[in-house]
Amino acid sequence: MTMFQHESVLLEEACNLLVTDVNGIYVDGTLGRAGHSMRLLQLLSSSGRVIGCDKDPTAIAHANNLAEQDGRLQVVHDSFANIDQYLDGRQINGLLLDLGVSSPQLDDADRGFSFMRSGKLDMRMNPEIGISAAELLANISEQDLIDILITYGEERYARRIAAAIIARRYIRPFVDTYDLADVVKQAHPNWQKGKHPATKVFQALRIKVNDELTDLEILLSKLLDLLVVGGRLVIISFHSLEDRIVKNFIRRYSSNQRDIPRRLPVFDSNNSDIRLRKLGKFKASSEQIKLNPRSRSAIMRGAEKIL
Ligand SMILES: C[S@@+](CC[C@H](N)C(=O)[O-])C[C@H]1O[C@@H](n2cnc3c(N)ncnc32)[C@H](O)[C@@H]1O
């Protein structure tokens, strides 16, 4: 893979699971370099449509070039949480989310997503709105920082790390990714072992800066109204916080099914909440992980709207 390219995770599996009607309308909420969108377009007929959405202006510029060549692709520069505003009342046949950041975002040091490169501590998927990670760290209280590191990073040493960050910020503000990673490393007691000690801190700040979990929850709260009956959702997550939200959503609307004997009519009003049929949980094969190490932590879940 060369610089600024993105190798799509579970490409065939996700697109094949999603498409049930080749003439349908599909939302790709996380365009990135449009690997999934392009595969979806290949699977669809000339009347099928893909509405691709991303917060990132670079992803949008890339997708706009593709849309010029294929009129079936509509490009939306916004959060997927707002996708209903672009559907003109149409229902959709499927929603695909491939969450998190893309390789081009990680590879571009000045986007600030990577602690492996020295760059501007930004971390915004859309650098034109909101506040950067540097601005967040310049103004946040120690307690709020602890809460973010615990809630979004599940960081065991949140208190120590937050104290070190706040102490250092009075001497010199944080502007560089390496600088932050280094302060975290010094504060982290277990930095010799396993993953880089800044992994969870960077994840937590990125989730906060981009409101990632809120966006996911907002979209899921609208999704059942957006999907046609028989329409599907396919969501690829890369850490337990987002996967838990997806898993609980699918479980909430499908969990009683297991308890109902097949072929029996359902009279129990408690079962009125059942709107989804689970399609399963999928992971990348060892072959895929070898070719694309990013797919190691991917968990894909699918479900179909039945009511
Ligand atoms: C893992 S990449 C997607 C890669 C894509 N599936 C491909 O095959 O090239 C995730 C993308 O989703 C975007 N993204 C993440 N959260 C978003 C949100 N709430 N709304 C819109 N785009 C989002 C990121 O900017 C990034 O470009």
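Right above here is the structure, for reference.
What counts, and at which threshold
- Residues numbered from 1 in each chain as written.
- Predicted model: local features only at pLDDT ≥ 70, side-chain atom pairs only at ≥ 80, totals over all residues.
- Heavy atoms only, no water.
- Helix = DSSP H or I, 4+ residues; strand = E, 2+ residues; numbered from the N terminus.
- Rg over C-alpha atoms; globule rule 2.2 N^0.38 Å.
- Buried < 20%, exposed > 50% of the residue type's maximum accessible area, 1.4 Å probe, protein only.
- Contact = heavy atoms within 4.5 Å.
- Areas by Shrake-Rupley, 256 points an atom, 1.4 Å probe, with all protein chains shown as cover.
- Lys, Arg positive; Asp, Glu negative; His and termini not counted.
- Charge placed at Lys NZ, Arg CZ, Asp CG, Glu CD.
- Core = buried A, V, L, I, M, F, W, Y, C linked by side-chain atoms within 4.5 Å.

**As for the overall build of the chain**
Okay, so step 1: A tally of helices and strands in the chain yields 12 helices and 7 strands.
Okay, so step 2: Against the compact-globule benchmark of 19 Å for 307 residues, the chain has a radius of gyration of 21 Å, which places it among compact chains.
Okay, so step 3: Each principal axis of the C-alpha distribution contributes one length, and for the chain these read about 65 × 50 × 40 Å.
Okay, so step 4: Counting every position in the chain, which comprises 307 residues, the buried fraction comes to 53%.
Okay, so step 5: Counted over contacts in the chain with a minimum sequence separation of 6, partners at least 24 positions apart contribute 67%.
Okay, so step 6: Split by element, the accessible area of the chain, about 15,000 Å² in all, is 50% carbon and sulfur.
Okay, so step 7: Between the averaged position of the 41 positive side-chain charges in the chain and that of its 39 negative side-chain charges there is a distance of 7 Å.

**Here's the deal with the nonpolar core**
Okay, so step 1: Counting residues in each nonpolar core, the largest one holds 65 residues, and the members touching the most others are Leu145, Ile165, Leu180, Leu233 and Phe249.
Okay, so step 2: Top contributing element to this core by residue count: helix H10 (residues 212–226), with 7 residues.
Okay, so step 3: Ignoring any residue separated from it by four or fewer positions in sequence, one finds Leu180 in contact with Leu121, Leu137, Ile165, Phe174, Phe202 and Leu205.
Okay, so step 4: Counting 28 residues, the second largest nonpolar core, distinct from the first, contains Ala14, Leu31, Val50 and Ala298.

Worth remembering: the numbers are spatial, not functional.
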